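Remarks on the overall topology
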Amino acid sequence: MNISACFESTGSCIFSQPIFAKTLLVKKPCEMVTGFVNANFSLKTWKDDNNIKNRQYLQPAEILELTETLGIKPYLLENKCDRYGLPYRQNIQGFSSGCDGVSTILSLPQDVSCHVRESCTEISCCTETEIISRSLETKLIIDPCDFRLTVGIEKLSFDVDLFDFEWGK
């Protein structure tokens, strides 16, 4: 395997350096744990245990404690999505599109804004969540060239190779 720096696809490269030669790289096994940190978690019980009165919004310290308890804090983006900023702001019923081929507009809940990107194979959504007083970004990307599917929420992302996918299971 070489690493090269080229200005033209057909021209010569200004830099080319072998990185590996006759080297077998070990593929690390994936450990996809998709369960919950606490499968029996109850928000009501957590509030009771932390002496939090039954109110709609949590205080910043309580939000921090909750996100740590749920194990989601490391996955939250530093800059949360903004439903009133680009690419979500110019929407019809919460849905906007940079793809000319999208003609059907879905009606989304009031706390959700979605955007189909120019590639027409990627959609992202920004959803307001009252309990942690922030928005969460989700995405779905279909890559027809490499036959891959990417699903993500905030920093957590799963890539599925559709060549090896067992359909219907």
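Residues numbered from 1 in each chain as written. Predicted model: local features only at pLDDT ≥ 70, side-chain atom pairs only at ≥ 80, totals over all residues. Heavy atoms only, no water.

1. Some details on the overall build of the protein
Scanning the protein from N- to C-terminus turns up two helices and eight strands. When the helices and strands of the protein are placed in sequence order, the string is β-β-α-α-β-β-β-β-β-β. Out of the 169 residues belonging to the protein, those deemed buried represent 20%. Look at the contacts in the protein between residues 6 or more apart in sequence, and 28% of them connect residues 24 or more apart. (Helix = DSSP H or I, 4+ residues; strand = E, 2+ residues; numbered from the N terminus. Buried < 20%, exposed > 50% of the residue type's maximum accessible area, 1.4 Å probe, protein only. Contact = heavy atoms within 4.5 Å.)

2. Considering the environment of Cys99
With respect to the helices and strands, the residue Cys99 is situated in the loop between β3 (95-97) and β4 (112-116). For Cys99, a relative accessible area of 6% corresponds to the buried category. C-alpha separation for the pair Cys99 and His115, spaced 16 residues apart in sequence, amounts to 9.3 Å. The contacts of Cys99, once residues within four sequence positions are left out, are Val116, Arg117, Glu118 and Cys120.

3. Things to note about the side chain of Glu62
In this structure, Glu62 sits in helix α2 (residues 60-70). Take Glu62: its relative accessible area is 17%, and that puts it in the buried class. With near-sequence residues (within four places) excluded, Glu62 lies in contact with Trp46, Ile52 and Arg55.

4. Describing the nonpolar core
Ranked by size, the top nonpolar core spans eight residues in total: Trp46, Ile52, Leu58, Ile63, Leu66, Leu76, Ile132 and Leu136. The contacts of Ile63, once residues within four sequence positions are left out, are Leu58, Ile131, Ile132 and Ser133. Ranked by size, the runner-up nonpolar core spans six residues in total, among them Phe95, Cys99, Val112 and Cys125. (Core = buried A, V, L, I, M, F, W, Y, C linked by side-chain atoms within 4.5 Å.)

5. As for the pattern of salt bridges
Taken as a whole and assessed by the stated rule, the structure comprises four salt bridges. One salt bridge in this structure joins Asp48 and Lys44, with 3.1 Å as the shortest N-O distance. Of this pair, Asp48 and Lys44 are both found in helix α1 (residues 43-49), four residues apart, which corresponds to roughly one turn of the helix. The class for Asp48 is partly exposed, based on a relative accessible area of 45%. With relative accessibility at 60%, the residue Lys44 sits in the exposed group. (Salt bridge = Lys/Arg side-chain N within 4 Å of Asp/Glu carboxyl O.)

6. As for the sheet that holds β4
Strand order in the open sheet made by the six strands is β3-β4-β5-β6-β7-β8, with mixed pairing throughout. Since the sheet does not close on itself, it has two edges, and those belong to β3 and β8 (156-161), each with one partner. Adjacent strand axes in the sheet meet at a mean angle of 10°, parallel and antiparallel pairs treated alike. (Pairing = 2+ DSSP bridges. Axes fitted to C-alpha atoms, helices over the stretch in contact; angles between N-to-C directions.)

7. Here's the deal with the packing of aromatic side chains
Aromatic rings considered in pairs are described by the distance between their centres and by the relative angle of their planes. What the rule picks out here adds up to one aromatic pair. Where Phe147 meets Phe163, the ring centres are 4.9 Å apart and the plane angle is 45°; that geometry is what we call tilted. Taken together, the residues Phe147 in the loop between β6 (134-143) and β7 (148-153) and Phe163 in the segment after β8 connect sequence positions 16 residues apart. Judged by its relative accessible area of 33%, Phe147 is partly exposed. Owing to a relative accessible area of 58%, Phe163 belongs among the exposed residues under this scheme. (Phe/Tyr/Trp six-rings, centres within 6.5 Å; stacked < 30°, edge-to-face > 60°.)

8. What to know about the state of the cysteines
For the structure on display, the rule yields three disulfides. Sulfur-sulfur distance for the disulfide between Cys81 and Cys126 comes to 2.1 Å. Here the disulfide of Cys81 and Cys126 is right-handed, its torsion about the S-S bond being about 90°. With a gap of 45 residues between them, Cys81 in the loop between α2 and β3 and Cys126 in strand β5 (residues 122-129) connect regions that are remote in the sequence. Each member of the pair, Cys81 as well as Cys126, carries the same accessibility label: buried. Each sulfur of the disulfide joining Cys99 and Cys120 lies 1.8 Å from the other. Looking down the S-S bond of the Cys99 and Cys120 bridge, the torsion is 100°, so its handedness is right-handed. (Disulfide = S-S within 2.5 Å.)

Honestly, that's just the spatial picture; any functional story needs more than this.
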